[in-house]
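Chain and residue survey
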Amino acid sequence: MFAFETGTLVPCRVVGLLEAESNLGPNAQVICIPLHEPRMRHINDIDDIPEHLKNEMYNYYANYKALEDRDSWNIVKSWHPRLEAEIVVRRAYDTFFMMGVRMEELEKRLEAE
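Below you will find a few notes about this structure.

Here the focus is the environment of tyrosine 61. With respect to the element layout, tyrosine 61 can be found in helix α1 (residues 51–68). A residue is classified by how much of its surface remains accessible, and tyrosine 61, at 19% relative accessible area, is buried. For the pair tyrosine 61 and leucine 18, spaced 43 residues apart in sequence, the C-alpha to C-alpha distance is 8.8 Å. If we ignore the near neighbours within four places in the chain, the residues touching tyrosine 61 are Leu18, Gln29, Asn74 and Val76.

This next bit is on the pattern of salt bridges. Applying the stated criterion across every chain, the model contains 5 salt bridges. Across the salt bridge formed by glutamate 86 and arginine 82, the nearest N and O atoms sit 3.2 Å from each other. Residue glutamate 86 and its partner arginine 82 are located together in helix α2 (residues 82–98), separated by 4 residues, close to a single helical turn. We note a salt bridge from arginine 90 to aspartate 94, for which the minimum N-O separation is 3.3 Å. Here arginine 90 and its partner aspartate 94 are both found in helix α2, 4 residues apart, which amounts to about one turn of the helix.

When you line up the elements, valine 10 lands in the segment before β1 (12–22). Each C-alpha atom, one on valine 10 and one on leucine 110, is 14 Å from the other, the two residues being 100 residues apart in sequence. Residues in contact with valine 10, not counting those within four places in the same chain, are Phe4 and Pro34.

Cut-offs applied
- Residues numbered from 1 in each chain as written.
- Predicted model: local features only at pLDDT ≥ 70, side-chain atom pairs only at ≥ 80, totals over all residues.
- Heavy atoms only, no water.
- Helix = DSSP H or I, 4+ residues; strand = E, 2+ residues; numbered from the N terminus.
- Buried < 20%, exposed > 50% of the residue type's maximum accessible area, 1.4 Å probe, protein only.
- Contact = heavy atoms within 4.5 Å.
- Salt bridge = Lys/Arg side-chain N within 4 Å of Asp/Glu carboxyl O.

No statement about biological role is implied by the geometric values presented.
Structure below.
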């Protein structure tokens, strides 16, 4: 639907989560909507996403690893609401910064790329 170059930062809001598991372990897919996308301004939670679009996302995440490598697999489990997705995002953020990377250092690294 949208194409961005690698490394492009797009302000988004979290609307839900697709829980999955891969051969590498838990593989949660956080579903976000660009903040300034007027066609999706009504989507605030996972239940606001049209069913056909959720089916497309489900199908993509259920099958994309098969295209990459025969030994890779991904099992899609269930959809979760925005509040649960925000907890996953917060936990990932906290874990990343517990590893000793300060925001200023991260910004310098991004500028260098």
